[in-house]
Amino acid sequence: MVRKVKIGVMVSGGGTNLQALIDAVNSGIIENGEISLVLSNKAGVYSLERGKNAGIPTAVVEKKNCTDQKDFEAKLIAELESHEVELIVLAGFMAILSKDFTDKYAKRIINVHPSLIPSFCGEGFYGLRVHRAALEKGVKVSGATVHFVNEIPDGGEIIMQKAVEVMEGDTPETLSARILENAEWKILPASTELVCKKILSGEI
Ligand code: GAR
């Protein structure tokens, strides 16, 4: 059997990026990886349904049920290890991970961020807040970035970026929708496949 990288997708919300990854595995855009786990830090989110509908094991670890960050991360790691996850994809995962966690998975965590890093990124810039800040600044072009994750929020090495035009009259919601459709759903699966290939070849 052909060896595939076991991917764990970490989520917090609706999971349209997770869906793009599931679709990319099914269509063969991702051929060197398979999704082994959908891991959420929020119970009841639609991402978990998407995972179940695709026949992928799902798990929930909520910080409010943990004693502290260390305990939270130990429980995340226990889930990841029990599903033998080799590559973590953060797809709308809205919790900060400590240096201990990111060091343990150096070059084994990637994240999608809804702007062209280094603009509108770092602590406090997530979800619609990113698009609100971009519109307030008046940028004419925004986009999405996929990057490796290290201890600096949105600070790891960039893997792929795609620019998207800002339109007159955009709201955070319309800009978010355009960036998801035209950038995130394309570069996240493409980056995942690229990183899986590099892991299998031993390049990283
Ligand atoms: C996406 O736009 C993703 O880039 C963003 O949250 C959204 C999740 O949507 N992530 C961040 O802001 C992380 N800093 P989804 O649940 O539909 O994939």
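Keep in mind it's a predicted model, so treat the numbers as computed, not measured. (Residues numbered from 1 in each chain as written. Predicted model: local features only at pLDDT ≥ 70, side-chain atom pairs only at ≥ 80, totals over all residues. Heavy atoms only, no water.)

Enquirer: Could you give an account of the packing of helix α5 (residues 128–137) against helix α6 (residues 172–201), with specific residues and numbers?
Expert: For any two helices packed against each other, one specifies the inter-axial angle together with the distance between the axes. Viewed as axis vectors pointing N to C, α5 and α6 meet at an angle of 110°, and their least axial separation amounts to 9 Å. Of the possible angle classes, the one that applies to α5 and α6 is roughly perpendicular. In this structure, α5 crosses over α6, and the sense of that crossing is right-handed. Along its contact with α5, which presents L128, H131, R132 and L135, the element α6 presents P172, E173, L175, S176 and I179. The class makeup of the residues in the contact of α5 with α6 is five nonpolar, two polar and two charged. (Axes fitted to C-alpha atoms, helices over the stretch in contact; angles between N-to-C directions. Helix = DSSP H or I, 4+ residues; strand = E, 2+ residues; numbered from the N terminus. Parallel < 35°, antiparallel > 145°, perpendicular 65-115°, else oblique. Left-handed = near helix turned anticlockwise from the far one by under 90°. Contact = heavy atoms within 4.5 Å. Nonpolar A, V, L, I, M, F, W, Y, C, P; charged D, E, K, R; others polar.)

Enquirer: Provide a residue-level description of the sheet that holds strand β6 (residues 141–148), including the pertinent values.
Expert: The strand order across the open sheet formed by seven strands is β3-β2-β1-β4-β5-β6-β7, and the pairing between neighbours is mixed. Every interior strand has two partners, whereas the edge strands, β3 (58–60) and β7 (158–165), have only one. Here the average twist between neighbouring strands, direction ignored, is 20°. Of the strands in this sheet, β1 (5–11), β2 (33–40), β3 and β4 (87–90) touch helix α3 (residues 69–82), which is tilted by about 150° from β2. (Pairing = 2+ DSSP bridges.)

Enquirer: Which residues make up the site of the ligand, and what values do they have?
Expert: Taken together, the neighbourhood of the ligand is formed by 14 residues, with G15, T16, N17, G127 and E184 sitting nearest. In this structure, an oxygen atom belonging to the ligand sits 2.8 Å away from a main-chain N or O atom of G127. For the ligand, whose accessible area on its own is 450 Å², the fraction buried by protein is 89%. (Near = heavy atom within 4 Å. Polar contact = N/O pair within 3.5 Å; in protein donor to acceptor, adjacent residues only side chain to side chain. Areas by Shrake-Rupley, 256 points an atom, 1.4 Å probe, with all protein chains shown as cover.)

Enquirer: Provide a residue-level description of the pattern of salt bridges, including the pertinent values.
Expert: Within this structure, the stated rule accounts for nine salt bridges. Put simply, R3 and E86 hold a salt bridge, and the shortest N to O gap is 2.6 Å. Highlighted residues: R3 in the segment before β1 and E86 in the loop between α3 and β4, separated in sequence by 83 residues. Overall, R3 belongs to the partly exposed group, its relative accessible area being 45%. Looking at E86, the relative accessible area reads 24%, which means it is partly exposed. The salt bridge partner of E34 is K6, with a shortest N-O separation of 3.8 Å. Here E34 is found in strand β2, whereas its partner K6 is found in strand β1, with 28 residues between them in sequence. Since its relative accessible area comes to 29%, E34 is described here as partly exposed. (Salt bridge = Lys/Arg side-chain N within 4 Å of Asp/Glu carboxyl O. Buried < 20%, exposed > 50% of the residue type's maximum accessible area, 1.4 Å probe, protein only.)

None of this, on its own, says anything about what the molecule does.
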